[in-house]
Amino acid sequence: MGNNNDEAELIQCIYTSAESINFSRDQLLSLLERARVVNSGLGITGMLLYEDGSFFQVLEGPPNAVRSLYKKISADKRHRRITKIIEEPVERRLLPDWSMGYSSVTREELKEVDGLNDFFQKGKCYADLDECRAKKLLDAFKDGRWRASLG
Ligand SMILES: Cc1cc2nc3c(=O)[nH]c(=O)nc-3n(C[C@H](O)[C@H](O)[C@H](O)COP(=O)(O)O)c2cc1C
């Protein structure tokens, strides 16, 4: 295909969690700072959203690296009710420019995303997302709908 993003083998893993400790801005910042260093070293890119104790995270990169990082993150006691929504091979990275992009998105902003309006109207959180809605959220982020609002 001649795309210079082509890599041997890549997977994408998307998970949500709920009932985390109440992360302060500083706690999120230091989590992100560390994640960005570690992820760069592992060839992992992705994005993280946080709202009111609920996370949405995308990890993409070499299969073994992504799987072992997910294992580590899912064992992290600071969040709970972790659900892997998607783990599948991808041809290229959707988020090649982010070692871990972050945005704190408000409920009002979430309601503006096509295909998600009904969902977030009903008071649901990230942990209630299904595969199709998770992809819509990822697309909205990828298209630059929300600027990184931390760090
Ligand atoms: C919501 C959430 C997302 C996280 N994302 C990452 C990540 O992308 N990369 C990373 O290295 N650690 C991430 N962590 C931190 C890991 O869970 C774990 O604390 C860290 O890998 C421990 O590193 P250490 O064993 O070197 O202390 C995340 C933690 C939480 C709660």
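Coordinates for the structure precede this section.
Owing to the predicted nature of the structure, the values given are computational and were not obtained by experimental measurement. (Residues numbered from 1 in each chain as written. Predicted model: local features only at pLDDT ≥ 70, side-chain atom pairs only at ≥ 80, totals over all residues. Heavy atoms only, no water.)

Some words on the nonpolar core
In plain terms, the rule: Side-chain atoms within 4.5 Å link the members of a nonpolar core, which is a set of buried Ala, Val, Leu, Ile, Met, Phe, Trp, Tyr and Cys residues. Relative accessibility thresholds used throughout: buried, under 20% of the residue-type maximum; exposed, over 50%; partly exposed, between the two (1.4 Å probe, protein chains only). Here a helix means four or more residues in a row that DSSP labels H or I, a strand means two or more in a row labelled E, and each is numbered from the N terminus. Throughout, a contact is declared for two residues whenever any of their heavy atoms are within 4.5 Å.
Met 47, Leu 49, Phe 56, Tyr 126, Leu 129, Leu 137 and Trp 146 are the most contacted members of the largest nonpolar core, which has 22 residues in total. When contributions to this core are tallied by element, the ones reaching two or more residues are strand 2 (45-51), strand 3 (54-61), strand 4 (80-89), helix 4 (117-121) and helix 5 (131-142). In terms of residue count, helix 5 provides more of this core than any other element does, 5 residues in total. Among all residues touching Leu 137, those that are not within four sequence positions of it are Leu 49, Phe 56, Leu 110, Leu 116, Tyr 126, Leu 129 and Trp 146. Residues Tyr 50, Leu 59, Leu 69 and Tyr 70 belong to the second largest nonpolar core, which totals 18 residues.

Details of the packing of aromatic side chains
What counts is decided by this rule: Ring pairs shown here join Phe, Tyr and Trp side chains whose ring centres sit within 6.5 Å, with only the six-membered ring taken for Trp; geometry is labelled stacked below 30 degrees between planes, edge-to-face above 60, and tilted in between.
The full count for this structure, using the stated rule, is 8 aromatic pairs. Their ring planes at 85° and their centres at 5.0 Å tell us that Phe 119 and Phe 120 sit as a pair that is edge-to-face. For Phe 119, a relative accessible area of 4% puts it in the buried group. For Phe 120, a relative accessible area of 1% gives the class buried.

What to know about the side chain of Asn 39
Mapping Asn 39 onto the fold places it in helix 1 (residues 25-42). With sequence-adjacent residues up to four places away left out, Asn 39 is seen in contact with Ile 44, Leu 69, Ser 99 and Met 100.

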